[in-house]
Amino acid sequence: MLRYLTAGESHGRALMTIVEGLPAGIPLSREDVDSELVRRQMGYGRGGRMAIERDRVTIFSGVRGGVSLGSPVAMMIRNRDWPNWRGVMDPEPGADAGPPIRRPRPGHVDLAASMKYGYRDLRDGLERASARETAARVAAGALASALLGAVGIRVISWTAALGEIEADPDTFPSGDDPGDLWSRWRAREEETALRCPDPASEAEMTELIDRAAERGDTLGGVVEARVLGVPPGLGSHVQSDRRLDGRLAGAVASIQGIKAVEIGAGFAGARSPGSRVHDEIHPPTPGDGVPSRPTNRAGGIEGGITNGQPVVVRAHMKPIATLGRSMASIDLDTGSPIASHHERSDVCAVPAAGVVVEAAVALCVADALTEKFGADTLAEILASLQRFREGLR
Ligand code: EPS
């Protein structure tokens, strides 16, 4: 129902996205997108590029007078670094692209893309594989979040671990009111260096980043995202590609650097007996047709369908593949061992990844929402959702 594409190279002229299937009638402004782009650029541990870029969107279509039209929304984010790369990245023939990169970096797309596409210059693959592309995903996700926000669903995320340092789960944002929790954490996250709710762990994490930077090394971590106010009934058990857990895992694992995705208890659940994993079912609180659950180890999804509990997704990010120092590699011209190519890069982008995970999750949940409750207008979705909730009581 709701789908999107992105285009653009990291050091090309711009990044673009087209979002198709966004219902009509959603209040939407450029500022709604820009504020998400700004959040993605924050966080200790980013490299020189973040000092250059000031991501802002231009909306070309699908929105009129601050309201979505139901038609495709086309958006563009200019790369401010482009003038520095014009010669290297110019689409026109005859440009001076400079010497080709022939020393693949372990962990990056370099080697695999050169074998698949026959690239001679590894830049032909790395430019598109770059996590710069996530700016366009975040722009697309901001539209999905506007739809979700209009029906009372909020997506939040935070840094749960960085390198070997785990934040204390007791510090994670909690509360029953999605809007209130969302705005409280939004206000708090601005004061944090790493979008981590645990100040003691965050101090250790920033120190770890400093030490990695000194060594020319990089770090990964874990992001936790929660979808609050999500109704039961999104996704389906009837076919593999309709299961919401599979769709979420696929969307999140497709983010640059993400190597594992957990739903709810995830990895820990696999190591525990069923009696300590499955969430017992208790009668609904009066006035609410949704049976209550004293725990939420399922992460809000059972059988591929939301059960009315918050959806909990954890994304595990590997360390950035571009290091400030070299690793063993080969020269693709001679096949002989040589140190890998290294470029200016980030030390750690886990805080930014959290904002990207939010976008991916929002797009997935908004897609499932329109599937169940209508895809043409916001008014239709609101009415249908209200009828569904009444039917549960
Ligand atoms: C990236 C390498 C760095 C990051 C970039 C992702 O860029 P550069 O090679 O220009 O220094 O800063 O991330 C962004 C530009 C961004 O907006 O997030 C990579 O190779 O993935």
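Preceding this section is the structure that the text describes.
Residues numbered from 1 in each chain as written. Predicted model: local features only at pLDDT ≥ 70, side-chain atom pairs only at ≥ 80, totals over all residues. Heavy atoms only, no water.

**Student:** Please provide a residue-by-residue account of the side chain of D110, values included.
**Tutor:** Here D110 lies in helix α4 (residues 110–117). Look past the residues within four positions of D110 in its chain and what remains in contact with it is P104, R105, L122 and L126. (Helix = DSSP H or I, 4+ residues; strand = E, 2+ residues; numbered from the N terminus. Contact = heavy atoms within 4.5 Å.)

**Student:** Tell me about unusual backbone geometry, and name the residues and values.
**Tutor:** Non-glycine residue R195 carries a positive phi angle of around 60 degrees. Looking at the secondary structure, you find R195 in the loop between α7 (178–189) and α8 (199–215). Judged by its relative accessible area of 4%, R195 falls in the buried class. (Buried < 20%, exposed > 50% of the residue type's maximum accessible area, 1.4 Å probe, protein only.)

**Student:** So what's going on with the layout of surface pockets? Which residues, and what values?
**Tutor:** Estimated volume of the largest pocket: approximately 960 Å³. What lines the largest pocket is a set of 42 residues, and nearest its centre among them are H108, A129, S130, A131 and Q256. When the residues that make up the lining of the largest pocket are grouped by side-chain class, the tally is 17 nonpolar, 13 polar and 12 charged. Taken as a whole, the second largest pocket encloses approximately 820 Å³ of empty space. In this structure, the second largest pocket is lined by 32 residues; those nearest its centre are D176, G229, G308, Q309 and P310. Of all the secondary structure elements, the ones that give two or more residues to the lining of the second largest pocket are α7, β10 (221–228) and α12 (378–392). (1 Å grid on protein atoms, 1.4 Å probe; cavity = no way out; pocket = protein on both sides within 12 Å on 5 of 7 lines; lining within 4 Å. Points joined across faces, edges and corners; volume = space filled by probe spheres on them. Nonpolar A, V, L, I, M, F, W, Y, C, P; charged D, E, K, R; others polar.)

**Student:** Describe the site of the ligand, listing the residues and the values that go with them.
**Tutor:** The environment of the ligand is made up of 13 residues, and the closest members are H11, R40, R49, R132 and R344. Measuring from an oxygen atom of the ligand, one finds a side-chain N or O atom of R49 at 2.8 Å. At a separation of 3.4 Å, an oxygen atom of the ligand approaches a polar side-chain atom of S130. When the ligand is considered free in solution it has 470 Å² of accessible area, and contact with the protein chains removes 92% of it. Spatially, the ligand is embedded in the largest pocket. (Near = heavy atom within 4 Å. Polar contact = N/O pair within 3.5 Å; in protein donor to acceptor, adjacent residues only side chain to side chain. Areas by Shrake-Rupley, 256 points an atom, 1.4 Å probe, with all protein chains shown as cover. Sits in = over half its atoms within 2 Å of the grid points.)

**Student:** Break down the pairing of strand β7 (residues 73–78) for me, citing the residues and quoting the values.
**Tutor:** Taking burial as the measure, the six residues of β7 include five buried ones, the bulk of the element. Where strand β2 (residues 14–20) and β7 come together, six bridges link them in antiparallel fashion. Its bridge partner being in β7, I18 is matched across the sheet by A74. Pairing geometry for strand β4 (residues 57–59) and β7, over three bridges, is antiparallel. When the bridges of β7 are listed, V57 appears paired with I77. (Pairing = 2+ DSSP bridges.)

**Student:** Give me the lowdown on the pattern of salt bridges, citing residues and values where you can.
**Tutor:** Think of it this way: side chains of opposite charge can pair up when their charged atoms draw near. A complete count under the given rule lists 30 salt bridges for this structure. Between R39 and E36 there is a salt bridge, with the nearest N and O atoms lying 2.8 Å from each other. Here R39 pairs with E36, and both are found in helix α1 (residues 30–41), just three residues apart, close to one helical turn. Classification of E36 by relative accessible area gives buried; the value is 11%. A salt bridge links R226 to E224; the shortest N-O distance between them is 2.6 Å. (Salt bridge = Lys/Arg side-chain N within 4 Å of Asp/Glu carboxyl O.)

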